[in-house]
Amino acid sequence: MIIIMEPGASDSQIQHVVEFAHNLELKTIVNKGVVQTVIAAIGETNKYSTEQFEAIDGVRTVQRIQVPFKLASRDSQHTDTVVTVKGNIKIGGNNPPVMIAGPCSVENQENLIAIAKVAKECGAKIIRGGAFKPRTGPRMFEGLGKLGLEYLDVARKETGLAVITELMDARDLDMVAEFTDIIQIGARNMQNFTLLNELGRVKNPILLKRGLSATIDEWLLAAERIMDKGNTQVIMCERGIRTFDSKYTRNVADIAAIPLIRRLSHLPVIFDPSHATGKWNLVSPLALASLVAGAQGLIVEVHPDPEKALSDGPQTLNFENFRKLCSDIEKLMNFISPTPCK
Ligand code: PEP
Ligand code: MN
């Protein structure tokens, strides 16, 4: 950590910062320049916030040298983490991108199985479907709860696909962990710290969606929290962020975040073109773009009749468009290398 003093900082102010650092068991190197003094604090600086030093009289600014997300950082692990799901599905590294597909919400058994079959036939390895749905309005369809999990389980058994579903409440963790292969933490809960803290208790890989207005550091720190609590199998998922223009798209697809996460972190990163755009006719172009940018998987909303979907119909692909997307991906993958951009 580098502590930069104000130009006119007195010797006693400098001495106070040094003693403050020593009391935290940090070593210091004081570099007195002609105009300003710079103090390097060395040791377990990750335990302390920069604000603690910035609050001291005579300190102008404080900068970290190491990233605050130590476990998630590529500095601490050079090789890509490959998350293994259900024994043989590999997400990350140089593995081909994994397709996750399914309805926004689990609606009924027949519909889910029909979707799962099409997903499988198109090469998807994992079926998605929300049993607990975060909805903005209090009287909207909020999912089937446990019954939805049971439907997912039947679809899993019938097709052999793995299952991913969203966990919203820590009280449901054990039940969701039992019925699903990957636990999804939705955008709205990315900074629900008490929920994240609980995830260390289970072995299921975690798909961590980026918060609606989360910075890259905040997103990686959420991953860091899950890892710190003991679950290192985290998959990052870019799903679009909010900016100033929501007239044509639900969110703004931050494609740059994909190669960026791959530079900053060893964790796999996938893309959700459905929530990122909110429009079914933008889903496929953005899905392809994300693969070019290095996405190691996709999570796409699919429904036999999106007009009748109980949630997120406007951003949902019908079977025909999903089949077309999968065949386009197959063609594209002959031209691009899944090798990480370093
Ligand atoms: C979803 O996957 O249906 C969902 C609610 O996603 P997000 O948390 O990204 O909005
Ligand atoms: Mn949805």
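Remember, it's a predicted structure, so these values are computed and weren't measured experimentally. (Residues numbered from 1 in each chain as written. Chains lettered and ligands numbered in written order. Predicted model: local features only at pLDDT ≥ 70, side-chain atom pairs only at ≥ 80, totals over all residues. Heavy atoms only, no water.)

1. Notes on helix H7 (residues 216-228)
Line of reasoning, step 1. The terminal C-alpha atoms of H7, which comprises 13 residues, lie 18 Å apart, in line with the 18 Å expected from a rise of 1.5 Å per residue.
Line of reasoning, step 2. Of the surrounding secondary structure, the elements contacted by the buried residues of H7 are helix H6 (193-198), strand S11 (206-209), strand S12 (234-238), helix H8 (257-264) and strand S13 (269-271).
Line of reasoning, step 3. Positive backbone phi, approximately 115 degrees, marks Gly230, located one or two places after H7. (Helix = DSSP H or I, 4+ residues; strand = E, 2+ residues; numbered from the N terminus. Expected span 1.5 Å × (residues − 1). Contact = heavy atoms within 4.5 Å.)

2. So, the nonpolar core
Line of reasoning, step 1. Among the nonpolar cores identified, the biggest contains 69 residues, and Leu208, Met236 and Phe322 are the most heavily contacted of them.
Line of reasoning, step 2. Considering each element in turn, this core owes the most residues, 7 residues, to H7.
Line of reasoning, step 3. Beyond its immediate sequence surroundings of up to four residues, Phe322 is in contact with Met99, Ala101, Val118, Ala119, Cys122, Val300, Val302 and Leu317.
Line of reasoning, step 4. Judged by nonpolar contacts, the second largest core, of 17 residues, contains Ile3, Ile39, Phe53 and Ile56. (Core = buried A, V, L, I, M, F, W, Y, C linked by side-chain atoms within 4.5 Å. Buried < 20%, exposed > 50% of the residue type's maximum accessible area, 1.4 Å probe, protein only.)

3. Structural notes on the state of the cysteines
Covalently bonding the sulfur atom of one cysteine to the sulfur atom of another cysteine gives a disulfide.
Line of reasoning, step 1. Scanning the entire structure with this criterion turns up 0 disulfides.
Line of reasoning, step 2. Cysteine Cys326 remains unbridged, with the sulfur of Cys122 as its closest cysteine sulfur at 4.5 Å.
Line of reasoning, step 3. A relative accessible area of 10% means that Cys326 is categorised as buried. (Disulfide = S-S within 2.5 Å.)

4. Thoughts on the site of ligand 1
Line of reasoning, step 1. Ligand 1 sits among 13 residues. The nearest are Arg128, Lys133, Ala187, Arg188 and Arg239.
Line of reasoning, step 2. A distance of 2.8 Å separates an oxygen atom of ligand 1 from a polar side-chain atom of Lys133.
Line of reasoning, step 3. Within the contact set of ligand 1, an oxygen atom lies 2.7 Å away from a backbone nitrogen or oxygen of Ala187.
Line of reasoning, step 4. Contact with the protein chains removes 97% of the 300 Å² of surface that ligand 1 exposes when unbound.
Line of reasoning, step 5. For the shell around ligand 1, the residue count by class is 3 nonpolar, 3 polar and 7 charged. (Near = heavy atom within 4 Å. Polar contact = N/O pair within 3.5 Å; in protein donor to acceptor, adjacent residues only side chain to side chain. Areas by Shrake-Rupley, 256 points an atom, 1.4 Å probe, with all protein chains shown as cover. Nonpolar A, V, L, I, M, F, W, Y, C, P; charged D, E, K, R; others polar.)

5. Structural notes on the sheet that holds strand S4 (residues 59-63)
Line of reasoning, step 1. Here 4 strands make up an open sheet; going across it, the order is S2-S3-S1-S4 and the pairing antiparallel. Taken across any chain shown, the strands that pair with only one partner, and hence form the sheet edges, are strand S2 (27-32) and S4. Neighbour-to-neighbour, the strand axes of the sheet open up by a mean angle of 20 degrees, direction not taken into account.
Line of reasoning, step 2. Where S2 meets strand S3 (residues 37-42), 6 bridges bridge the pair, whose relative direction is antiparallel. Across the sheet, Ile29 pairs through a bridge with Ala40, a residue of S3.
Line of reasoning, step 3. The strands touched by helix H1 (residues 11-23) are strand S1 (2-5), S2, S3 and S4; relative to S2, the strand with the most contacts, the crossing angle is about 160 degrees. (Pairing = 2+ DSSP bridges. Axes fitted to C-alpha atoms, helices over the stretch in contact; angles between N-to-C directions.)

6. Structural notes on the coordination of the manganese ion (ligand 2)
Line of reasoning, step 1. Only Cys104 (SG), His275 (NE2), Glu301 (OE) and Asp312 (OD) from the protein reach the manganese ion (ligand 2) as donors, at distances of 2.0 to 2.4 Å.
Line of reasoning, step 2. Each donor residue of the manganese ion (ligand 2) lies on the same chain, and together they follow the pattern C-x170-H-x25-E-x10-D. Linking Cys104 in the loop between strand S7 (98-102) and helix H3 (109-121) with Asp312 in the loop between strand S14 (297-301) and helix H11 (319-333), this pair joins segments that are 208 residues apart in sequence.
Line of reasoning, step 3. Relative accessible area serves as the criterion here: at 5%, Cys104 is assigned to the buried category. (Donors = N, O, S within 2.8 Å, 3.2 Å for Na, K, Ca; no water.)

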